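Below, each chain spelled out in residue letters.
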Amino acid sequence: MAGRLARPMKRVSVRHQRPSLEVAAARLSAWSRRTAAAVTIPKRWWRTRQGEDRYRAAWEKICQISRNEFDLVYKRLGVELEEKGESYYNPYIPPVLEELTKKGLIMESDSTRVIFVEGQKVPLIVVKSDGSYNYASTDLAALWYRLNVEKAEWVIYVTESNTFICFSAARMAGWLPDEKEKRYPKTSHVGFGLVLGSDGRRFRTRCTEVVRFADLLDEAKSQCKTELIERLTEKGKIADWTDEELDKTLEAIGFGAVKYADLKNNRITDYTFSFKRILSDKGNTAVYLQHAHARICSVIWKANKDIEELIRGSIALTHAEERALGLHLIRFPEVVEEACADLFPHHLCDYLYSGLSEAFSKFYTNCPVIGSPQETSRLLICEATAVVMRQCFNLLGITPVYKL
């Protein structure tokens, strides 16, 4: 799983890491054991890092196999990638280390080259004793590139734990301002908790294997299909749906449910994954919110009015529930700003469920829309609510459903 589940949002350019050379070496090692061929990992890994054609070709093949599998999942999630893997920054490592050496930051220590970072007991090794580079040297080169070539103002790292001593080294080099200054450019670390199974341990299959994310999506879609078809059949509406329409709706609900289940929680805490819970149409779930959005769209459709014409009118917030809903609607920019500043997407989920959807439910219960003297105003309130809900869905990478 990427991040805690699948962190990249819809239509967002993200940095995609190729499988590291260590991972490539490990896969080559597994292959060699099956074929009874002896492989010395450190030596071949070093040769790959140095660019030796034979080993680099094997590594490139492994990367492509992995990339093909990743792309299948990303496509289903609506994620577009701009790929700059670790090897992309290899040409920048020597000049970056030379710059840091000239600034007096890199020292010789026990046949290695290191940076002594204040507050750290162990120095940051940037060149190993055999002359090869490591993660730290790649991280420094990548950060230099993002700051000096791409001119990034804010670089966000999504990793399981905060191990970026490189940030401190970059400040020592003058690449980044002091954290206390609150100036750009800046770097942030986005950590995340674990997805747990019902036993309280890391989410796995019954065979104790890690659950494949593609299988997770398939299962979510499959369970949604069973429930939706049963509901439509009971209501006599199944004939109104084409196969294509049904398939797209199932993907929107199933995939959206998985994403929302992950994003609604504080990202640094662990949470227990349950299909029954995330696919419920009650409570704080994407399924409930999709139903709420579809219900609003149904009200507007049943009114049989041209919204573009109605927009020329005005909104009158005379009822207490109208005013309460209006106040929730105008909070939307503030919530987005908060989520971006803190890098906690659950703020947006809290707003969408506890704020907006609950406020609309009270409004709809107490304020008749179709046929009422305030029909035009209340239809516009419905439309405004649907628009903001769709904006929230979009930011969370969820495809909205217009009918259910």
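What counts and what doesn't
- Residues numbered from 1 in each chain as written.
- Predicted model: local features only at pLDDT ≥ 70, side-chain atom pairs only at ≥ 80, totals over all residues.
- Heavy atoms only, no water.
- Pairing = 2+ DSSP bridges.
- Helix = DSSP H or I, 4+ residues; strand = E, 2+ residues; numbered from the N terminus.
- pLDDT = per-residue confidence, 0-100.
- Contact = heavy atoms within 4.5 Å.
- Buried < 20%, exposed > 50% of the residue type's maximum accessible area, 1.4 Å probe, protein only.
- Salt bridge = Lys/Arg side-chain N within 4 Å of Asp/Glu carboxyl O.

Colleague: Even after reading the chapter, I still don't get the pairing of strand β3 (residues 106–109), so can you show me in this structure?
Modeller: The side chains of a regular strand alternate, first on one face of the sheet and then on the other. Across 4 bridges, β3 lies against strand β4 (residues 112–115) in antiparallel orientation. Bridge pairing links Glu108 to Arg113 in β4. Count of turn residues in the β3/β4 antiparallel hairpin: 2 residues, of which Asp110 carries a positive phi of about 50 degrees.

Colleague: Which parts of the structure should I look at to understand the confidence of the model for the chain?
Modeller: Predicted coordinates in regions of low pLDDT should not be interpreted in detail. Of all residues in the chain, 84% have pLDDT values of 70 or greater, and the mean over the chain is 83. When mean pLDDT is compared element by element in the chain, helix α12 (residues 320–330) scores highest at 96, while strand β1 (residues 15–16) scores lowest at 38. Contacts for the low-pLDDT stretch residues 1–45, under 50 throughout, to residues beyond four places or in other chains number 101 contacts.

Colleague: Would you explain the side chain of Gln290 in this entry?
Modeller: Turning to its location among the elements, Gln290 is positioned in helix α10 (residues 286–303). You can call Gln290 buried: its relative accessible area is 1%. Setting aside residues no more than four positions away along its own chain, Gln290 makes contact with Ala252, Phe393, Ile398, Thr399, Pro400, Val401 and Leu404.

Colleague: So what exactly am I meant to see when it comes to the pattern of salt bridges here?
Modeller: Oppositely charged side chains are able to pair whenever their charged atoms sit close together. Evaluation of the coordinates by the stated rule reveals 21 salt bridges. The residue Glu309 makes a salt bridge to Arg312 at a minimum N-O spacing of 3.4 Å. Judged by its relative accessible area of 43%, Glu309 falls in the partly exposed class. Of the charged contacts, one joins Arg390 and Glu383 as a salt bridge, the two residues approaching to 3.9 Å between their closest N and O atoms. Note on accessibility: Arg390 and Glu383 belong to one class, buried. In the salt-bridge network here, residues are joined through shared partners; they are Glu82, Lys84 and Glu150.

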